[in-house]
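# Residue-level structural notes
Read off the chains here:
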Amino acid sequence: MSTKKRVGILISVVILCVTLVVGYLTIGYTYQEYRLKDEVSNLTKLDISKDKYDTKYVTLGDYRKVESSIKEYLNEYASCMQEINTLVNDSKINKLISYDNLNVDSYNDSIDYLNNTLGKINKDIDRLIDLSDELTIRNYILRYDLDKYYVDLYNELMFSEDMRDVIKLDSEYLIKYKEDINSKFNACSDIFKLLDSNRDNYSLEDGEIKFKDNDLVNQYNSYIDMIKA
């Protein structure tokens, strides 16, 4: 076999190997992206009010970093929301102004419990407001030094219609919700303060609070209305 033929065969083999490698990598990248999009689609079907998003990773390489950013963001968002729901629906909170709980010598423990719980709720709501901001969502991927392609892919998935149905609490709603919760908790605290400073002007009888002054009745009822609103 002549030298020219050998060189020609060698070049052909090299070209074939390069083609196979490029094809393999292309198929691999395409498959990774398919797995990522399929996984994100599954995530959008979960219930953010009760589910967790720290599921097993299904991708590799830079796609894994995109997947990690999405899951860690959703998991933090879900954790804040779920903790708020737990705190707001705390059975102890709902029983604080019950007849049995009012029939005590001091309301300091109840006021402290309200303030501590409200502090936790406000912290979680503030974080949710921050997480709902578009810049925060975009910045979640920037901790990784990724090519623009992967950053754009992340943004495409995070700002899709399906994902917006998951992250649907905007900052305006959350700010209003925070105001409402604070109003209710503060009204509850005001009831304890009202009773504590007017111990000689009411009595607890037959499962009821009986005031001796109509102004106190009106003030107490106004707090109750704020809590029920």
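Structure shown above.
Every value quoted in this text rests on a predicted model; they were computed, and no experiment measured them. (Residues numbered from 1 in each chain as written. Predicted model: local features only at pLDDT ≥ 70, side-chain atom pairs only at ≥ 80, totals over all residues. Heavy atoms only, no water.)

Our next topic: the packing of aromatic side chains. Aromatic ring pairs are defined here through the distance separating the ring centres and the angle between the ring planes. Scanning the entire structure with this criterion turns up eight aromatic pairs. When the ring of Tyr-202 is compared with that of Phe-211, the centres are 5.9 Å apart and the planes differ by 50°; the resulting orientation is tilted. Accessibility classification places Tyr-202 together with Phe-211 in one group, the buried group. The interplanar angle of 50° and the centroid separation of 5.4 Å between the aromatic rings of Phe-211 and Tyr-220 together place this pair among those described as tilted. Relative accessible area serves as the criterion here: at 17%, Phe-211 is assigned to the buried category. Positioned above the aromatic ring of Tyr-113, the side-chain terminus of Lys-92 is 4.1 Å from the ring centre. Here the guanidinium or amino end of Arg-138 rests over the ring plane of Phe-159, the centre of that ring lying 4.5 Å away. (Phe/Tyr/Trp six-rings, centres within 6.5 Å; stacked < 30°, edge-to-face > 60°. Buried < 20%, exposed > 50% of the residue type's maximum accessible area, 1.4 Å probe, protein only. Lys NZ or Arg CZ within 6 Å of the ring centre and 35° of its normal.)

Okay, the pattern of salt bridges next. Within this structure, the stated rule accounts for 15 salt bridges. Between Lys-176 and Asp-180 there is a salt bridge, with the nearest N and O atoms lying 3.0 Å from each other. With Lys-176 and Asp-180 both in helix H9 (residues 171–196), this residue pair falls four residues apart, about one helical turn. For Asp-180, a relative accessible area of 32% gives the class partly exposed. Between Asp-196 and Arg-199 there is a salt bridge whose closest N-O contact spans 3.2 Å. Taking the relative accessible area as the measure of exposure, Asp-196 reaches 42% and is therefore partly exposed. Residues joined in a network through salt bridges with shared partners are Glu-33, Lys-37 and Glu-156. (Salt bridge = Lys/Arg side-chain N within 4 Å of Asp/Glu carboxyl O. Helix = DSSP H or I, 4+ residues; strand = E, 2+ residues; numbered from the N terminus.)

These figures capture arrangement, not role.
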